[in-house]
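Coordinate analysis (summary)
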Amino acid sequence: MRALLWVVGVVAGVLILLGLLLEAVRWLVVIGVIALAAVIIFGIVKGRQAVHQHSTRRR
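Here the structure is a predicted model, which means the values were calculated and not measured.

**Some remarks on the overall build of the chain**
Counting its regular elements, the chain contains one helix and zero strands. On the principal axes, the C-alpha backbone points of the chain span a range of 85 × 10 × 5 Å. When the 59 residues of the chain are sorted by exposure, 0% land in the buried category. Carbon together with sulfur atoms contributes 78% to the accessible area of the chain, which is approximately 5,700 Å² in total.

As structure tokens, this is what we get:
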């Protein structure tokens, strides 16, 4: 009986840790997607500024 309680306790602990880990991974993915979008937008803005400054200097 005691072994059964240990097994149930260990399985419950593993499930709780797995749930927390998956939740953390989901949040890391969300943060990574937001950061990637920010970098892409920043790159587009800086690229347009560089093209605009380059075309202004040629005139």
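**Side note on a nonpolar patch on the surface**
A surface patch of nonpolar side chains, amounting to about 810 Å² of accessible area, comprises V7, V11, L15, L18, L21, L22, V25, V29 and V33. Along the polypeptide, L18 turns up in helix 1 (residues 2-58).

**Observations regarding the environment of H52**
Positionally, H52 belongs in helix 1. Exposure remark for H52: the relative accessible area of 55% places this residue in the exposed category. C-alpha of H52 to C-alpha of L5: the two residues are 47 residues apart in sequence and 70 Å apart in space.

**Overview of the environment of L4**
Structurally, the position occupied by L4 is in helix 1. For the pair L4 and S55, spaced 51 residues apart in sequence, the C-alpha to C-alpha distance is 76 Å.

The rules behind these values
Residues numbered from 1 in each chain as written. Predicted model: local features only at pLDDT ≥ 70, side-chain atom pairs only at ≥ 80, totals over all residues. Heavy atoms only, no water. Helix = DSSP H or I, 4+ residues; strand = E, 2+ residues; numbered from the N terminus. Buried < 20%, exposed > 50% of the residue type's maximum accessible area, 1.4 Å probe, protein only. Areas by Shrake-Rupley, 256 points an atom, 1.4 Å probe, with all protein chains shown as cover. Patch = residues over 30% accessible without salt bridge, like charges linked within 9 Å, V, L, I, M, F, W, Y side chains within 5 Å. Salt bridge = Lys/Arg side-chain N within 4 Å of Asp/Glu carboxyl O.

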